[in-house]
Amino acid sequence: MTNHPFRFGVSLFNVDSRSAWRARAREVEDLGYDVLQVADHLGMAAPFPALVAAADVTSIRLGTFVLNAAILSPAYLARDVADVHRLTDARLELGLGAGYVPAEFEAVGVPFGTGGERLGKLEATLAATRTLLAAEADNPLPPIMLGGAGDHMLRLAGREADIFSFSIMAGVMAGVAPEDALARRIQVLREAAGDRFDDVELNLFVAAVGESAEKVDLSIIRQASGLDDAQLTQLPGVLLGSPREIADRLLRYREEFGLSYISVLEPHMAAFAEVIKHLR
């Protein structure tokens, strides 16, 4: 397995004020993270303005993690991506997904549709956005991250992505141990990517970090996944143990699976920063 250097990202949630946001952005960099990320959900921070604001006080990379491409216009997306790319000195990573929250589709007046329909919209949006960005004189095209767990998304990523993020559900497969489920999904990506597989950076979305199941907050992913705590604590994206034990686990993940880019949620960024110290 090709070993990419480790990179670490953290996904921040909300903007309270300019000063507070800038302070948190500086904290992310000071804690040793390589990428500051913002998700795309109504009720949370607007990704592009938040990333531009963070760029003014940090030198790290900045990413959308991930935009709901199924409700986006390629023309508007390309405009925003181009200017954010420029305003951040080409530090943007463009993460795209197919969307999974029905209420967000309803809020913008777009049918939720089937998974296949949403994935088709993502593929079309990505292709059109790339074409529009390629027509710009300065070619402001950032690296593309796709995220998810389904086979169709993995095959699309094998053809198109620079980075693939395995969601928390990548470790869920009926009758299969969580790490084996993840390995099977990586194999789907490998087969789809062919000769370019070694150039695709593999990201693991980490939803929780803590010393033990009793001391970790699983509320966010419990609600999002519908899984119970016993199931959640077995997943590759839930890291339990001492910082050294977790670091050893991630070293094994890189060796066995090629996972080298690790992204955590904001509530766990301080705990995971202790892990980063063992991996630099």
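Here, the structure is the one placed above.
Residues numbered from 1 in each chain as written. Predicted model: local features only at pLDDT ≥ 70, side-chain atom pairs only at ≥ 80, totals over all residues. Heavy atoms only, no water.

Looking only at helices and strands, one finds 11 helices and 11 strands in the protein. Since a compact globule built from 280 residues should have a radius of gyration of about 19 Å, the 18 Å found for the protein is in line with a globular shape. A buried classification covers 50% of the 280 residues belonging to the protein. Taking as baseline every contact in the protein between residues at least 6 positions apart, the subset at least 24 positions apart corresponds to 72%. A total accessible area of about 12,300 Å² is found for the protein, and carbon and sulfur atoms account for 53% of it. Taken together, the 26 basic and 38 acidic charged side chains of the protein have centroids lying 1 Å from each other. (Helix = DSSP H or I, 4+ residues; strand = E, 2+ residues; numbered from the N terminus. Rg over C-alpha atoms; globule rule 2.2 N^0.38 Å. Buried < 20%, exposed > 50% of the residue type's maximum accessible area, 1.4 Å probe, protein only. Contact = heavy atoms within 4.5 Å. Areas by Shrake-Rupley, 256 points an atom, 1.4 Å probe, with all protein chains shown as cover. Lys, Arg positive; Asp, Glu negative; His and termini not counted. Charge placed at Lys NZ, Arg CZ, Asp CG, Glu CD.)

Along strand E5 (residues 92–97), six of the six residues are buried, which leaves the element largely enclosed by surrounding structure. Where burial is concerned, the two faces of E5 agree: the one with Leu92, Leu94 and Leu96 and the one with Glu93, Gly95 and Gly97 are both buried. Bridging between strand E3 (residues 61–64) and E5 involves two bridges; their strand directions are parallel. Each residue of the ladder has a partner; that of leucine 62, found in E5, is leucine 92. Direction of pairing for strand E4 (residues 67–68) relative to E5: parallel, over a ladder of two bridges. Across the sheet, the residue bridging to asparagine 68 is glycine 97, located in E5. In this view, the connection linking E4 to its parallel neighbour E5 by way of helix H3 (residues 74–87) has right-handed handedness. Examined bridge by bridge, E5 and strand E6 (residues 144–148) share three bridges and lie parallel to one another. Among the inter-strand pairings, leucine 96 is bridged to a residue of E6, identified as leucine 146. (Pairing = 2+ DSSP bridges. Right-handed = clockwise from strand over helix to strand, strands pointing away.)

The next point concerns the environment of methionine 145. Relative to the assigned elements, methionine 145 resides in strand E6. Since its relative accessible area comes to 3%, methionine 145 is described here as buried. For methionine 145 and isoleucine 163, which are 18 residues apart along the polypeptide, the C-alpha to C-alpha distance reads 4.4 Å. Not counting residues up to four positions away in its chain, the partners in contact with methionine 145 are Gln37, Phe65, Val66, Leu94, Gly95, Leu96, Ile163, Ser165, Asn203 and Tyr261.

This paragraph deals with the side chain of glutamate 104. Along the polypeptide, glutamate 104 turns up in helix H4 (residues 102–107). This buried residue, glutamate 104, is left without a salt bridge; arginine 118 holds the nearest opposite charge, at 9.8 Å. Setting aside its immediate chain neighbours within four residues, glutamate 104 contacts Asp40, His41 and Leu42. (Salt bridge = Lys/Arg side-chain N within 4 Å of Asp/Glu carboxyl O.)

Side chains bearing opposite charge may pair, as long as their charged atoms lie close to each other. With the rule as written, the count across this model stands at 17 salt bridges. Of the charged contacts, one joins arginine 159 and glutamate 123 as a salt bridge, the two residues approaching to 3.1 Å between their closest N and O atoms. With arginine 159 in helix H6 (residues 151–160) and glutamate 123 in helix H5 (residues 115–134), the pair connects residues that are 36 residues apart, well separated along the chain. We classify arginine 159 as partly exposed; its relative accessible area is 46%. For the salt bridge of glutamate 274 with lysine 277, the shortest nitrogen-to-oxygen distance reads 3.1 Å. Judged by relative accessible area, which is 58%, lysine 277 ranks as exposed. Connected via shared salt-bridge partners are Arg7, Arg61, Glu93 and Glu201.

Any link to function would need more than the numbers given here.
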